[in-house]
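# Examining the three-dimensional arrangement
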Amino acid sequence: MRTGADRSAELLEVFRLRSEERLRKECTHEVAAAHDAAPLGPHDDRTQRVLRALRSLRVSGKHIIFSEGPDGPWRVSKIALGMPGNLLLTEQSFGDYEDAMRYIFTARAATLQQN
């Protein structure tokens with residue numbers, strides 16, 4: 001027998017799938033170019049909407065920036081729940097924070113397109 005919780009979970013999944021599909025359509029080359037030009041902003045409405053949505057995706061597997069010191073270098077890591085520290089450090093290292101942000105945007109957008 002279906003319960004109210006079952007229906008709520010089903011609706012939440014439908015909402016998630018529709019939101020991700022809309023985000024895939026909005027994540028255009030123009031948005032990527034706008035982010036590449038100014039990773040720290042300010043951004044136009046569409047770019048800001050896409051960035052906010054990419055930041056709110058599931059935590060597990062998300063690419064993040066990890067600072068090795070107060071002023072860098074910055075390394076790309078992936079959140080891996082269950083790993084020591086819940087981080088999986090990659091070999092990608094950047095001396096410039098904005099370059100790390102560009103890489104993260106590209107990685108998150110690629111992950112979104114694969115799903």
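Owing to the predicted nature of the structure, the values given are computational and were not obtained by experimental measurement.

The next subject is the packing of helix H3 (residues 45–55) against helix H4 (residues 97–114). Contact pair H3 / H4: the axes reach a minimum separation of 11 Å and the direction vectors enclose 75°. Between H3 and H4, the angle falls in the class roughly perpendicular. On H4, the residues that touch Val-50, Leu-51, Leu-54 and Arg-55 of H3 are Phe-105, Arg-108, Ala-109 and Leu-112. For the contact of H3 with H4, the class distribution of residues is 6 nonpolar, no polar and 2 charged.

What follows concerns the confidence of the model for the chain. Summary statistics for the chain give a mean pLDDT of 89 and a share of 99% for residues scoring 70 or more. Predicted confidence in the chain is weakest over strand S3 (residues 87–94), with a mean pLDDT of 86, and strongest over helix H2 (residues 29–37), with 95.

On to the side chain of Arg-75, then. Examined against the element boundaries, Arg-75 turns out to sit in strand S2 (residues 74–79). Accessibility expressed as a relative area gives 17% for Arg-75, which makes it buried. Here Glu-68 takes part through its side chain, which lies 3.2 Å from a polar atom of the side chain of Arg-75. With residues up to four places along the chain from it excluded, the contact list for Arg-75 reads Ile-64, Ile-65, Phe-66, Glu-68, Leu-89, Thr-90, Glu-91, Gln-92 and Ser-93.

What counts, and at which threshold
Residues numbered from 1 in each chain as written. Predicted model: local features only at pLDDT ≥ 70, side-chain atom pairs only at ≥ 80, totals over all residues. Heavy atoms only, no water. Axes fitted to C-alpha atoms, helices over the stretch in contact; angles between N-to-C directions. Helix = DSSP H or I, 4+ residues; strand = E, 2+ residues; numbered from the N terminus. Parallel < 35°, antiparallel > 145°, perpendicular 65-115°, else oblique. Contact = heavy atoms within 4.5 Å. Nonpolar A, V, L, I, M, F, W, Y, C, P; charged D, E, K, R; others polar. pLDDT = per-residue confidence, 0-100. Buried < 20%, exposed > 50% of the residue type's maximum accessible area, 1.4 Å probe, protein only. Polar contact = N/O pair within 3.5 Å; in protein donor to acceptor, adjacent residues only side chain to side chain.

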